[in-house]
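Structure at a glance
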Amino acid sequence: METQNAQSGEHQGQLAHLAGKYLTFRVDDEEYGVQINKVREIIGVLDVTPVPQTADHVLGVINLRGKVIPVIDLRLKFGMAYRQPDDRTCIVVVEVLGEMGVTLLMGVVVDAVREVINVAAADLEPAPTFGVELDMSYLLGMAKVDGKVKTILDIDKVLGDRHAVL
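Residues numbered from 1 in each chain as written. Predicted model: local features only at pLDDT ≥ 70, side-chain atom pairs only at ≥ 80, totals over all residues. Heavy atoms only, no water.

A few words on the environment of Glu31. Here Glu31 is to be found in strand E2 (residues 30-35). What makes Glu31 buried here is its relative accessible area of 13%. Note: C-alpha distance between Glu31 and Lys150 (119 residues apart in sequence) is 5.3 Å. When near neighbours in sequence (up to four residues on either side) are disregarded, Glu31 contacts Thr24, Phe25, Arg114, Lys150 and Thr151. At a separation of 2.6 Å, a polar atom in the side chain of Glu31 contacts the side chain of Lys150. (Helix = DSSP H or I, 4+ residues; strand = E, 2+ residues; numbered from the N terminus. Buried < 20%, exposed > 50% of the residue type's maximum accessible area, 1.4 Å probe, protein only. Contact = heavy atoms within 4.5 Å. Polar contact = N/O pair within 3.5 Å; in protein donor to acceptor, adjacent residues only side chain to side chain.)

Ordered by their spatial adjacency, five strands build an open sheet running E3-E6-E7-E5-E4, and the pairing between neighbours is mixed. This sheet does not close on itself; its edge strands, each paired only once, are strand E3 (39-44) and strand E4 (58-64). Neighbour-to-neighbour, the strand axes of this sheet turn through a mean angle of 30 degrees, independent of strand direction. Alignment of strand E6 (residues 90-97) against strand E7 (residues 103-110), held across eight bridges, turns out to be antiparallel. Paired with Leu97 across the bridge in E7 is Thr103. (Pairing = 2+ DSSP bridges. Axes fitted to C-alpha atoms, helices over the stretch in contact; angles between N-to-C directions.)

So, on to the pattern of salt bridges. Tallied over the full model, the rule gives twelve salt bridges. Among the salt bridges present, the one from Asp156 reaches Lys38, with a minimum N-O distance of 2.9 Å. With a gap of 118 residues between them, Asp156 in helix H3 (residues 155-158) and Lys38 in the loop between E2 and E3 connect regions that are remote in the sequence. For the pair shown, Asp156 and Lys38 are each scored as buried. Three or more residues are tied together by salt bridges with common partners; here these are Arg26, Asp28, Arg75, Arg83, Asp86 and Asp111. (Salt bridge = Lys/Arg side-chain N within 4 Å of Asp/Glu carboxyl O.)

As summarised here, the arrangement of the six strands in space is E8-E1-E2-E11-E10-E9, forming an open sheet in which the pairing is mixed. What marks the edges here is a single partner per strand, and that holds for strand E8 (112-119) and strand E9 (124-125).

What follows deals with the nonpolar core. One finds Phe25, Leu74, Val94, Val110, Leu153 and Leu159 to be the most contacted residues of the largest nonpolar core, which totals 25 residues. Of all elements in the fold, only strand E1 (20-27), E2, E6, E7 and H3 reach the threshold of two or more residues within this core. Of all the elements, E6 adds the most residues to this core, at four residues. Residues within four places of Leu74 in sequence aside, it is in contact with Phe25, Val27, Val108, Val109, Val110, Leu153 and Val158. Ile117, Leu124, Leu140 and Ala143 belong to the second-largest nonpolar core, a separate cluster that totals ten residues. (Core = buried A, V, L, I, M, F, W, Y, C linked by side-chain atoms within 4.5 Å.)

Another point: the pairing of E1. Relative to E8, E1 runs antiparallel, the two sharing seven bridges. Looking across to E8, one finds that Arg26 is bridged to Ala112. Here E1 runs beside E2; their pairing, made up of six bridges, is antiparallel. What sits directly across from Thr24, in E2, is Gly33. A loop of two residues connects E1 with E2, the two strands running antiparallel in sequence, and Asp28 in this loop sits at a positive phi of about 60 degrees.

Most of the time, phi is negative for any residue but glycine, and the peptide bond is trans. The backbone of Arg65 shows a phi angle near 50 degrees, a positive value even though the residue is not glycine. Mapped onto the elements of the fold, Arg65 is located in the loop between E4 and strand E5 (67-73). With a phi angle near 50 degrees, Asp146 is a residue other than glycine that sits in the positive phi range. Tracing the backbone through its elements, the reader meets Asp146 in the loop between strand E10 (139-145) and strand E11 (148-153).

Structure representation (structure tokens):
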């Protein structure tokens, strides 16, 4: 029991810097969150211009008030089936730090935006381990909010530009 408490305290210390506000959204039946300081705006679905030779999860680009930004379908990025957009579907425009150290805007298609939540350090847990080698580096952690668990994404790693091109 003391070991579990010590580990829990150690984890909370490691995750304390992640406490703060998160925009939460739904993809399929799961809720995810991204740090609110990464979110630039939330827009409805716009016409997307496909770009050849890009990965399947890259839908193309949109013209957002004169600025062309790439759009990623998070369902496809996470290996889920494509879903036709409906009136709840949104594009969350986020600022991402790419692998080359360049900051860029990207649009992320999600099924629905939920809310902005404030997550305390005590409500955060590290990304789970599954006993096998899985790359979980795209997860900042798990937030326990109102009896549910929300997956907190490291959006820089989720949308890193390394896998956008075929």
